[in-house]
Amino acid sequence: MSFPDFMKHKEATQKIIDKHAYDFTYNTAKEYLSKVGGVKAYIRSLGGVFTKYVDFKGKITSYDQLNEIGDYVTGLYDIWGTDYSNGCSYTFEENRYKAYDGAKSAFYPAHEPKARFGVNYSTNGFANGDWLPTIEEQLEKGYAVTNCSQGVVQILKKAGLVPGSFPDPAYNPAFYKSHGYGYKLIKSMKELRPGDVLLLAHGSIPNRSKITELSNWEPWLFHTTIVGEVGKDYIITYDTGHAYTYYGEPRNKRYFNQSPYEWCDDWIGMRLDVCAALAGQWVENNGKWSYVKNGEKLKGWQKLAWSHGTDWFYFDKNGIMVTGWLEDKGKWYFLASSGAMVTGWKKIRYSKGRAWFYFESNGAMICNALRQLKYGGEWNYYLFDKDGAMVTGKHKVVCTFSESGLQGGHL
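Let me begin by describing the structure that accompanies this report. (Residues numbered from 1 in each chain as written. Predicted model: local features only at pLDDT ≥ 70, side-chain atom pairs only at ≥ 80, totals over all residues. Heavy atoms only, no water.)

Section: the environment of glycine 203
Quick reminder of the rule: Note on conventions: DSSP H or I runs of at least 4 residues are helices, E runs of at least 2 residues are strands, and numbering of each starts at the N terminus. Exposure categories follow from relative accessible area, calculated using a 1.4 Å probe and restricted to protein chains: below 20% of the type maximum is buried, above 50% is exposed, and the middle band is partly exposed.
Turning to its location among the elements, glycine 203 is positioned in the loop between β3 (197–201) and β4 (221–230). The class of glycine 203 is partly exposed, set by a relative accessible area of 27%. The spatial distance from the C-alpha of glycine 203 to the C-alpha of tryptophan 220 is 7.7 Å, given a sequence separation of 17 residues.

The structure is reproduced here in structure tokens:
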């Protein structure tokens, strides 16, 4: 069986891994790391995403950061080597030698491919328990153990998207539901986004179209992975399962016209609420609102969803949502206290008191004009002064006419 779509890390990260993959072996690791000041000092010295994220304890806000975290976690596993092959702690000779043949790590001696430091953990205990140590903690204690489930949860935890004490979402989705982290099931390749967890199955998943909830590790599942990138017609996932240890490649590219993996007969995806927020989220700071997408505050006019639907909002040069009167390119607009752009009739306070104003479908205020408008179910002519306020009382009005009728007017 071949896996032609397995890829290396992003170029800059791969260069670091290639340079440091043989820094030490399982026999020299503790002495080597002690000399360089410990695990974190060593990671900082690597540069790139390793230096950037070794002390990261926040929460990522963009897809780019999610991919960097994916490179960080799987990159460290590449350098250290892994003691798992799809969750099997070298129980079978086949898995032992497959891990050695492909992982290309100094931790796999040619004649003795055994679990490093004498550490062996069962899949259901260490891999999927709610006490899974961070990757830095693992390495500090002298072991690096991963399988598909661990790879997913390590990325989510390092990204700050889920608390460190939470289990693998694919293995224990009920836990996430019960702790306020909901999820949405994804059943179409074209709906997948970065951060989605893919659950892969041998054979067809029973009643796939009718599934609305997942129980803890469905019996038909055999592998999990996390989506890192989504292109026009493909997805790239971060993978730390059997093929990862066999081939030493952490990223996998699959096209929409294929199943996610060539050894997968069926699949279903789940999107945690915290990952869905990466697509864009409202952020409040001292009573001021911004909209963050891919780690950046949006600016200018933006059409966005909020609790009352979808509307136009305007953000200043600092990314702060504007409310009240706004002049833009010579036209006036009014943004409600919610920030939503006003259209139609609106009674508003301005410098001369309170008056009725009318805002067209594009939000622009009508001013210094006579217009035929609908109000209360009836069409009438209304006059607006140079400030945009509707005129009341008797006034002399100059009107202009075209062949099709009245075109406009002013006082």
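Things to note about the side chain of asparagine 67
Let me state the cut-off plainly: Contacts were defined at the residue level, with two residues in contact if any of their heavy atoms lie within 4.5 Å.
When you line up the elements, asparagine 67 lands in helix α5 (residues 63–80). Exposure remark for asparagine 67: the relative accessible area of 4% places this residue in the buried category. With residues near it in sequence (within four places) discarded, asparagine 67 still touches Lys10, Gly228, Glu229 and Tyr238.

Considerations on the pairing of strand β11 (residues 300–306)
Filter applied, for reference: Two strands pair if DSSP finds at least two bridges between them.
The pairing of β11 with strand β12 (residues 309–315) spans 7 bridges and is antiparallel. Across the sheet, residue glutamine 302 finds its bridge partner in β12, namely phenylalanine 313. Hairpin connection of β11 to β12: 2 residues between the antiparallel strands.

Focus on unusual backbone geometry
With a phi angle near 45°, tryptophan 217 is a residue other than glycine that sits in the positive phi range. Within the fold, tryptophan 217 resides in the loop between β3 and β4. In this structure tryptophan 217 comes out as partly exposed when scored by relative accessible area, which is 22%. Here lysine 329, not a glycine, exhibits a phi torsion of approximately 55°, which is positive. Counting through the fold element by element, lysine 329 comes out in the loop between β13 (324–328) and β14 (331–335).

Overview of the sheet that holds strand β9 (residues 288–293)
Taken in spatial order, the 3 strands make up an open sheet running β8-β9-β10, and their pairing is antiparallel. Looking along the sheet, the strands with just one partner apiece sit at the ends: β8 (281–285) and β10 (296–297). By the bridge criterion, 2 bridges tie β9 to β10 in an arrangement that is antiparallel. Of the residues in β10, the one forming a bridge with lysine 293 is glutamate 296.

Some details on the pattern of salt bridges
As a reminder of what qualifies: When a carboxyl oxygen of Asp or Glu lies within 4 Å of a side-chain nitrogen of Lys or Arg, that pair is called a salt bridge.
If you walk through the whole model with that rule in mind, you get 12 salt bridges. In this structure, lysine 15 engages glutamate 11 in a salt bridge whose closest nitrogen and oxygen atoms are separated by 3.7 Å. Taken together, the residues lysine 15 and glutamate 11, both in helix α1 (residues 11–20) and 4 residues apart, mark about one turn of the helix. Classification of glutamate 11 by relative accessible area gives exposed; the value is 58%.

Observations concerning the packing of α5 against helix α9 (residues 148–158)
The condition is simple: For helices, the axis comes from a line fit to the C-alpha atoms of the stretch in contact; other axes are also lines fit to C-alpha atoms, and the angle between any two N-to-C directions lies between 0 and 180 degrees. Note on terminology: angles under 35 degrees are roughly parallel, angles over 145 are roughly antiparallel, angles of 65 to 115 are roughly perpendicular, and the others are oblique. Crossing handedness is read from the near helix: turned anticlockwise from the far helix by less than a right angle, it gives a left-handed crossing, and turned clockwise, a right-handed one.
Where α5 contacts α9, the two axes come as close as 9 Å, and the packing angle between them is 130°. For the element pair α5 / α9, the angle class is oblique. In this structure, the crossing between α5 and α9 has a hand that is right-handed. Only Gln150, Gln154, Ile155 and Lys158 of α9 make contact with α5, whose side of the interface consists of Leu66, Ile69, Gly70, Tyr72, Val73 and Tyr77.

A short note on the environment of asparagine 318
In this fold, asparagine 318 is placed in the loop between β12 and β13. Since its relative accessible area comes to 51%, asparagine 318 is described here as exposed. Each C-alpha atom of the pair asparagine 318 and serine 290 lies 9.0 Å from the other, and the pair is 28 residues apart in sequence.

Some details on helix α3 (residues 39–46)
Our working rule: Regarding the arc, it is the one traced by the directions from the helix axis to the C-beta atoms.
When α3 is considered as a whole, its buried residues turn out to be Val39, Tyr42, Ile43 and Leu46. An end-on view of α3 places all buried positions within 100° of arc, on one side of the element. Those residues of α3 hidden inside the fold are in contact with α1, α2 (29–35), α4 (48–53), α5 and α8 (135–140). Glycine 47 sits one or two positions beyond α3 and adopts a positive phi of about 85°.

As for the packing of aromatic side chains
Heads up, the rule is: Ring geometry is summarised as follows: Phe, Tyr and Trp rings, the Trp one being its six-membered ring, pair when their centres sit within 6.5 Å, and such pairs are stacked at plane angles under 30 degrees, edge-to-face over 60 and tilted between the two. Put simply, a charge is over a ring when the Lys NZ or the Arg CZ is close to the ring centre, within 6 Å, and near the line of the ring normal, within 35 degrees.
Under the criterion given, the structure shown has 24 aromatic pairs. Considering the side-chain rings of tyrosine 234 and tyrosine 255, the 6.2 Å spacing of their centres and the 65° angle between planes classify their relative orientation as edge-to-face. With a gap of 21 residues between them, tyrosine 234 in strand β5 (residues 234–238) and tyrosine 255 in strand β6 (residues 251–255) connect regions that are remote in the sequence. Looking at tyrosine 234, the relative accessible area reads 22%, which means it is partly exposed. Where tryptophan 325 meets phenylalanine 359, the ring centres are 6.0 Å apart and the plane angle is 45°; that geometry is what we call tilted. Placement of tryptophan 325 in strand β13 and of phenylalanine 359 in strand β16 (residues 353–359) is noted, with a sequence separation of 34 residues between them. Accessibility expressed as a relative area gives 1% for phenylalanine 359, which makes it buried. Of the aromatic side chains, those joined through ring pairs into one cluster are Trp282, Trp289, Tyr291, Trp306, Phe313 and Phe315. In this arrangement the basic side chain of arginine 208 is found over the ring face of tryptophan 267, its NZ or CZ atom lying 5.2 Å from the centre.

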